Amino acid sequence: MATKDFDKTTQQFENLFFGPARAYASLAVDYTEQLVNTQIGFAKSYADASLGQMRSLLSVKDPEGFRSYLESQQKVAKDMGDMLKVDAEKVVALNRDFMQKSQKLVEDNMKTASKAANE
């Protein structure tokens, strides 16, 4: 009898506490991994653009080349602004997805807890 009660209690703890905690931790780790990978991608893109501009500046040898370099800066600035907008949208989408999945976990856990309380 005691073993049966212990097994039932263990199962309740698993269903009400440990299972949901593991599910949330898994979701948080997945979110963090996606966010870090996204940020690494951003950093690489911005570093590549900056290094490309530095190389362009180093290749300037005359006033005409300098003028061309300055004109290209406008395009680079616009491209960087566009990249920043797209990158910000990616982060917002990641955050939104994480919040929706977290909310669903909470709702599912509340249903499970309510069902267990009624038993």
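Computed from a predicted structure; not experimentally measured.

Looking now at the overall build of the protein chain. Per the secondary structure count, the protein chain includes two helices and zero strands. Over its C-alpha atoms, taken along the principal directions, the protein chain stretches across nearly 90 × 20 × 5 Å. Burial statistics for the protein chain: of 119 residues in total, 11% are counted as buried. Sequence-distant contacts, at least 24 apart, represent 74% of the contacts inside the protein chain between residues at least 6 apart. Per element, the accessible surface of the protein chain, about 9,300 Å² overall, is 63% carbon and sulfur. Across the protein chain, the mean location of the 16 positive side-chain charges is 2 Å away from that of the 17 negative side-chain charges.

Turning our eyes to something else, we now look at the nonpolar core. Leu27, Tyr31, Leu35, Leu94, Phe98 and Leu105 form the largest nonpolar core, which has six residues in total. The set of elements that each furnish at least two residues to this core consists of helix 1 (2–58) and helix 2 (63–118). If we ignore the near neighbours within four places in the chain, the residues touching leucine 27 are Phe98, Lys101, Ser102 and Leu105.

Here threonine 38 lies in helix 1. Only 2.7 Å separates the side chain of threonine 38 from the backbone oxygen of glutamine 34, close enough to count as a polar contact. Each residue touching threonine 38, except ones within four places of it in the same chain, is listed here: Lys90 and Leu94.

Right, let's get into the pattern of salt bridges. Note that side chains of opposite charge can pair when their charged atoms are close. The tally for this structure, following the rule as stated, stands at seven salt bridges. Across the salt bridge formed by arginine 67 and glutamate 64, the nearest N and O atoms sit 2.6 Å from each other. In this pair, arginine 67 and glutamate 64 both sit in helix 2, three residues apart, roughly one turn of the helix. A relative accessible area of 40% means that arginine 67 is categorised as partly exposed. The closest approach of N and O atoms between lysine 75 and aspartate 79, which form a salt bridge, is 2.8 Å. With lysine 75 and aspartate 79 both in helix 2, this residue pair falls four residues apart, about one helical turn. Through salt bridges with shared partners, a single ionic network connects Glu64, Arg67 and Glu71.

Turning next to the environment of serine 114. Looking at the element boundaries, serine 114 is found in helix 2. A residue is classified by how much of its surface remains accessible, and serine 114, at 39% relative accessible area, is partly exposed. Each C-alpha atom of the pair serine 114 and leucine 58 lies 68 Å from the other, and the pair is 56 residues apart in sequence.

Analysis parameters
- Residues numbered from 1 in each chain as written.
- Predicted model: local features only at pLDDT ≥ 70, side-chain atom pairs only at ≥ 80, totals over all residues.
- Heavy atoms only, no water.
- Helix = DSSP H or I, 4+ residues; strand = E, 2+ residues; numbered from the N terminus.
- Buried < 20%, exposed > 50% of the residue type's maximum accessible area, 1.4 Å probe, protein only.
- Contact = heavy atoms within 4.5 Å.
- Areas by Shrake-Rupley, 256 points an atom, 1.4 Å probe, with all protein chains shown as cover.
- Lys, Arg positive; Asp, Glu negative; His and termini not counted.
- Charge placed at Lys NZ, Arg CZ, Asp CG, Glu CD.
- Core = buried A, V, L, I, M, F, W, Y, C linked by side-chain atoms within 4.5 Å.
- Polar contact = N/O pair within 3.5 Å; in protein donor to acceptor, adjacent residues only side chain to side chain.
- Salt bridge = Lys/Arg side-chain N within 4 Å of Asp/Glu carboxyl O.

Coordinates in, geometry out; function isn't part of it.
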